[in-house]
Structure formats: structure tokens, C-alpha cells
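Structural description and commentary
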Amino acid sequence: MSKLGILPLFEQQGVKSSKQVEDYEKIIEEYSKEFRKLVLPKGDTIFGFWMQTLADLDLLDLELGGLTDSYTIDPIHRTVKFSGNSEKLRKRVAHLEKVNGQTTLYTDFVDAYGDTNAYAFHNLYPYKGKFYPRVVRTLINAFGLTENSLILDPFNGSGTTTHEASLMGIQSVGIDITPMGVMITKLKNELLFKKPKDFEFSNDDLIAILNDIERKQWSHEDETIQNLMLVIYFDTIDAFARTSRYKSRGKTGLFIEKFNYVKQCYEKLMVIKEMHGLEFVKANILEDDALRLRDIEEFKEKFDAIITSPPYYFSIDYVGKDKLAYEYLGLDMKKIESKYLGMKNSLPKKKIGGLPAKVIQYYEDLKTSIEGMYNVLKPGGKLAIIVGDSTVSGKKIPTTVMTKRFCEEAGFTFKKLIFNPLLGARNRAIRGESIIICEK
Ligand SMILES: C[S@@+](CC[C@H](N)C(=O)[O-])C[C@H]1O[C@@H](n2cnc3c(N)ncnc32)[C@H](O)[C@@H]1O
């Protein structure tokens, strides 16, 4: 007999009987109920367990400001009191577990996907330097944006801003210079409007598709499905090139697994969409240069808000990450890289004011892009730029403060900075990121 008191309990419940699974599930259900009673804050409107840092408290404060008429936060008991539209709060808020005793949409996302950020299609592809969707949602709330607003992300990458806006039923425009970023973002956009039958592929179908892709003979009448399979393939071969961990599953096994993951993401999303009566909208995705913002006449004073993060150029090799994909697509990586912020001109290797010339070039481009952002925002429009300070050759590069300065020089009024520590970040050069909030 085991020394652990819990085992006899399981035995009494019939763990060894033929009804093992059913009984086990009952035990865990009971357990979860009791566990929740013990760990959840007491109250009707309570913090989500994912609120872990003081920055999260700041973010909650920010979004309640945009979503309620008045509110008070009790950080010790992890509860909130508010007045205003509770249904809107429940559907929008990113930091609360429950509103007036009912689980929020965000809690349903976290529960369904088992993750606070990988819900809907946010985790479709492991793009480097990706936003936390929760932060985007918070900023949309904080800025008081509605279904009639228009959001821009001029460094949209894999489209976290535009995807989150689409999930919230808000129109947006996303610009990025990289074909891979644009391809992934467009996919996230289109997958929201697919039908269950679009995902009907047997394992044999998938094996045949994988073979076709490898022989460069893959095509499908539906462009979204065609690109989805390609993106899953790129993710598969990249995972294989990086680690031997997946060898046992084989390329085919991993390809099928990744496809099924996307299919499940779709199915879960449709359940939540129905449950909360969500209306998705499509974003407008452009492969273009953020430095052109000043020149696009039709964009002048068109946007209500910009939520963006320029490339952390000195820490992250955005294009290199997708080397295999670019090779497959026959795209010239050098040409793509040359359009990157700070990479336009071939520069002398000298230093200017103690900083490498390439850092100066990067700052010049960053400044130009911020001037462009000023140009396209409506008067009173809101700007959130998320930046981190990286280290080049052992020297810290003062990007956060420079960015704030460029915003002010462009004409913005600086409102607030929230420093969000990246706990457990792999890249130790970036300890955290700052959210710089400004108004035109
Ligand atoms: C920090 S990442 C943004 C990631 C994005 N927030 C996401 O969640 O996927 C910065 C992006 O800026 C893009 N970029 C770099 N130079 C650009 C330029 N001149 N115009 C537009 N986008 C550019 C890069 O391709 C990269 O995707």
C-alpha cells in the first residue's frame, strides 16, 4: 500500500475499475471547484490569475479608464468596483477573470486555449518580436476605441494588432515590409471567415499535400488554404532545422500535428464567437514601407489610433528567422533586409557621437516614421509605441528615451510610459519593454 494518502482515495473512487476515465474526470472536476474556491479572489469582479506584475496593474488601470464610467481597484483583494456598461466590460477587458460574477470573454479565451496570448490565430506562426495580444487589447480599450474607429500598425509584423482589432470588431490597417509578415497576417485575417468544411483534410490528404509542397507542385483553388499549408510547412521545416526534438514524430507527423493545431484553433474560436456573439472584421494588410507614411495622401489624418512596435533591429534577426521560407519562395532576403528601418543606405563603419553609424541611421529612420505617424493620425488621435533598449557590442542603446523625444519633436504630447518587464525573456539584452503613450 502506498504511503501517499491520496492513492487510496483514488482506489475507493474506482480508479482501477473499467470506468476509470469517467471517475477520474469527476474527481478532477470536484478538485477544480474546491481549488478555485481557495485561490480565486472573493468578489464579483475579480482579477485574472494572469495579472502578475505591477505593470499588469497599470494596464488594468488604463483599460478600466477607457471602459467604465468610474472604477476603484483593490489590489490587495484583487477586486474591482465599477459603474458603467458591464456587458461591454465583460466582452472587452483583458485583465479580469469575472465581471459581476460572469466569466469574461478573455477568461474564455484563456481557458479554451490554455494560454493567455495564444488564442484565436495569434500563435499561427512563431514570428520574432511578436506583441502580447493582451497588451494590444488593453491599449484599444484604454484609447476608448469603438466599432467606428480605425487603427493603424505601420510595423505590423505577423499582425498581432490587426488580428486583435479584427477579433474586437474594429477596422484596422497593417503595414509591413516583409513578405512573410504580410503572408501570415493575411492568413490570420482570412481564417476568421472560413467554414468548418474548409478544414476537412484526412491524414492521407495532408501527406499528399506535404509531398506536393516539397516538389513545389502544391496549389489549391482557395488561396487561403494554399498559403495556410505553405506556412505550416515553413513552420515544420524550421522546427526540424532548429532542434532534433521532433525527429521521432517525423516531418509528416509534425506537419499533420501543426495542421490539426490550426484546425482546433478555428473550432475553439467559432465556439467562443457564438457564445459571446462576436462580429469579426477584416483588416486591410499592405506590404509597404512605414517611411512612406508621410507621402500617402489618402492616409492623412485618417486614423484614430496607432499601436505599433518598430523593429528591435539590433537584437532580432527578423528576416534570417524565415530563411528557409524565403529560399522556398525564391525571394531575395538581402533585398528585403535592405528596406528595413536603419538599413537603407550602405554606411561608413565610423562612429558618430560615440554611437555606431548604423545606430544613427536607425534613429533617423525611426524619427521619420514617427513623423509619418503624426501625419496620419486625426487630431486627438492616440499613439502607443512599444520599444525595448537593446545592447550593441556591450553598450546599451538608448532607444526608449530617443523614441519619446522623437514623438515630442514630431508634435505629440507625451502622456505616460509603462515599463513591462519580460519575465524569463530568452534574449537577455532586452529586460523588458516600454509602452510609450502619446496624443496628437
Ligand atoms: C517588432 S516587429 C513587429 C511585430 C508585430 N508587433 C507582431 O506582433 O508581429 C517590427 C516589424 O517592423 C517591420 N519593418 C522593418 N522595417 C520596416 C519598414 N521600413 N516599413 C515597414 N515595416 C518594417 C519588420 O518586418 C518587423 O515585422
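This is a predicted model, so every value here is computed, not measured.

Each value, and the rule that gives it
- Residues numbered from 1 in each chain as written.
- Predicted model: local features only at pLDDT ≥ 70, side-chain atom pairs only at ≥ 80, totals over all residues.
- Heavy atoms only, no water.
- Helix = DSSP H or I, 4+ residues; strand = E, 2+ residues; numbered from the N terminus.
- Buried < 20%, exposed > 50% of the residue type's maximum accessible area, 1.4 Å probe, protein only.
- Contact = heavy atoms within 4.5 Å.
- Areas by Shrake-Rupley, 256 points an atom, 1.4 Å probe, with all protein chains shown as cover.
- Near = heavy atom within 4 Å.
- Polar contact = N/O pair within 3.5 Å; in protein donor to acceptor, adjacent residues only side chain to side chain.
- Pairing = 2+ DSSP bridges.
- Axes fitted to C-alpha atoms, helices over the stretch in contact; angles between N-to-C directions.
- Right-handed = clockwise from strand over helix to strand, strands pointing away.

A few points about the overall build of the chain
A tally of regular secondary structure across the chain gives 16 helices and 16 strands. Taken over 440 residues, the chain has a buried fraction of 52%. The contacts of the chain with a sequence gap of at least 6 include a subset with a gap of at least 24, amounting to 69%. Element-wise, carbon and sulfur atoms account for 50% of the exposed surface of the chain, whose accessible area totals about 21500 Å².

A few points about the site of the ligand
Contacts to the ligand come from 24 residues, most closely from Y127, S158, T160, D176 and A290. Y127 is positioned with one of its side-chain polar atoms (N or O) 2.6 Å from an oxygen atom of the ligand. Backbone polar atom of A290 to a nitrogen atom of the ligand: 2.8 Å apart, as the coordinates give it. Taken by itself the ligand offers 610 Å² of open surface, and the protein chains cover 100% of this.

Quick look at the sheet that holds strand β7 (residues 171-176)
Strand order in the open sheet formed by 7 strands is β8-β7-β6-β9-β12-β16-β15, and the pairing between neighbours is mixed. Strands with a single pairing partner mark the edges of an open sheet, and in this sheet they are β8 (284-287) and β15 (413-421). With direction set aside, neighbouring strand axes in the sheet form an average angle of 15°.

Some words on the pairing of strand β6 (residues 150-153)
Neither face of β6 is open: one carries L150 and L152, the other I151 and D153, and all of them are buried. One ladder, built from 4 bridges, connects β6 with β7; its direction is parallel. Bridging from a neighbouring strand, D153 pairs with G174 of β7. A crossover connection joins β6 to the parallel β7 through helix α7 (residues 160-167); in handedness this β-α-β unit is right-handed. Two elements, β6 and strand β9 (residues 303-308), share 2 bridges in a ladder whose sense is parallel. Within the sheet, the bridge partner assigned to I151 lies in β9 and is A305.

Quick word on the environment of D332
Mapped onto the elements of the fold, D332 is located in the loop between α13 (323-329) and α14 (333-338). At 3.0 Å, the side chain of D332 and the backbone nitrogen of K334 are in polar contact.

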